[in-house]
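# Descriptive structure summary
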Amino acid sequence: GNGLFATKDIPTGSTILLKTRPMIAELDLERLQDTCHNCFMRSQKAVCQKQTWTRYHKFECKMMRDPRLPPIPYSVRAALQLAFLINSDAVSEEEKAGIHRLEAHDPSTLERSQDVMQYEMTIASASDLLARVNPNHPELSRIPKYQILRNSLTLITPNLDPIGVATDPLACSANHSCDPNASVLFDAPRLMMRSLAPIKKGEEVENAWAKPLANLAPKWSSLAKVMDSREHYSAEPANYVGESRAEMDMAIIQGSVYSDYEPICQQKDNKLAIEALENIMRTCKQSEMWPITRQPYANIRVDIAARMLDENRVALALFQMAKTYFLIDPILYPQDFHPIRVVHTWNLA
């Protein structure tokens, strides 16, 4: 398959890739009204409006202003943006060729029927909207829409807050690894990739294509339900998490915690969220077998600290942040320059 490989020895902490912006970037629906489409900051400048218009917005403006259209999800808007760019001179021919080289999803490879349905609906919606723009375009059927869904990065702020989706032929050619040697960052609107470990010439550069929590929670919840069945529990325990009863008990608790944590992430009321998060942390602690570095325990601590700061509970927030800084981050992110660790350090400072 495809991949990204080092052409020279790369020391730890080096900048591997630096681009002025990703080729494709689209904001979440809830960020469309308060975030600039060009630089991804909270305020939009006249120069950004001009650049966005020149790059692709002039092609989509009339269509997007149609009051009959429902809100268009970012996956469809990203496919549309790609179609406009492929047929313009706003991006280089090398970038266009790079998008075509990325691997595309085959719906037959998707595991769940829900995935297939969402995938096909996204492609159908993009194709329908593209036809409205230019129904007679000879290249319409060859627009690489299928590459968008498989090769998208989470667009984040410098504080690592997710705000949308991005695709770039070079950055997205790096394959996934659970033990990555590189990390992708965005800095309004620059795209950067930095090495987390020494990479020798010829070695593959790998990034962690982490799944969002919303995708992990159902997985753990389903696992917990299966393992809670006494029949499965005694019959084939090694097929799930581990061979010991303690490990299986841990998996059941973890499934429950993920299931409880997911809706809290969407909670707008900080007071209610803090109370719910404290209950989850209490469950983790009372299990007496949950290390503070195990997810989602570690992420919950970061989340509750941020919400406590918003509620002006500074002392408690600092306590949680200090625990993350001194006890958790050095284990989860050994490199002191790891982007997540840097953000946590900056927040504590």
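Please refer to the structure higher up on the page.
Description of the structure in this document. Predicted, not measured: the structure shown is a model, and the values here were computed from it. (Residues numbered from 1 in each chain as written. Predicted model: local features only at pLDDT ≥ 70, side-chain atom pairs only at ≥ 80, totals over all residues. Heavy atoms only, no water.)

Once that is clear, we can look at the packing of aromatic side chains. A full pass over the atoms with the stated rule returns two aromatic pairs. Note on Trp290 and Tyr297: the rings are 6.4 Å apart at their centroids and 85° apart in plane angle, and the pair reads as edge-to-face. Like Tyr297, Trp290 is buried. Plain terms: the ring middles of Tyr325 and Phe326 are 4.8 Å apart, the flat faces sit at 90° to each other, and that makes the pair edge-to-face. Residue classification places Tyr325 among the partly exposed residues on the basis of a relative accessible area of 29%. Overall, the relative accessible area of 57% leaves Phe326 in the exposed class. (Phe/Tyr/Trp six-rings, centres within 6.5 Å; stacked < 30°, edge-to-face > 60°. Buried < 20%, exposed > 50% of the residue type's maximum accessible area, 1.4 Å probe, protein only.)

Here the focus is the side chain of Asn270. Its location among the elements puts Asn270 in helix 9 (residues 270-286). Apart from residues lying up to four places away in sequence, Asn270 is in contact with Arg307, Asp310 and Glu311. (Helix = DSSP H or I, 4+ residues; strand = E, 2+ residues; numbered from the N terminus. Contact = heavy atoms within 4.5 Å.)

The omega torsion across Gln295 and Pro296 is 5°, close enough to zero to call that bond cis. Mapped onto the secondary structure, Pro296 falls in the loop between helix 9 and helix 10 (297-310). Positive phi, close to 65°, is recorded for Phe40, a residue that is not glycine. Checked against the element boundaries, Phe40 lands in the loop between strand 3 (24-27) and helix 1 (46-64). For Phe40, a relative accessible area of 9% corresponds to the buried category.

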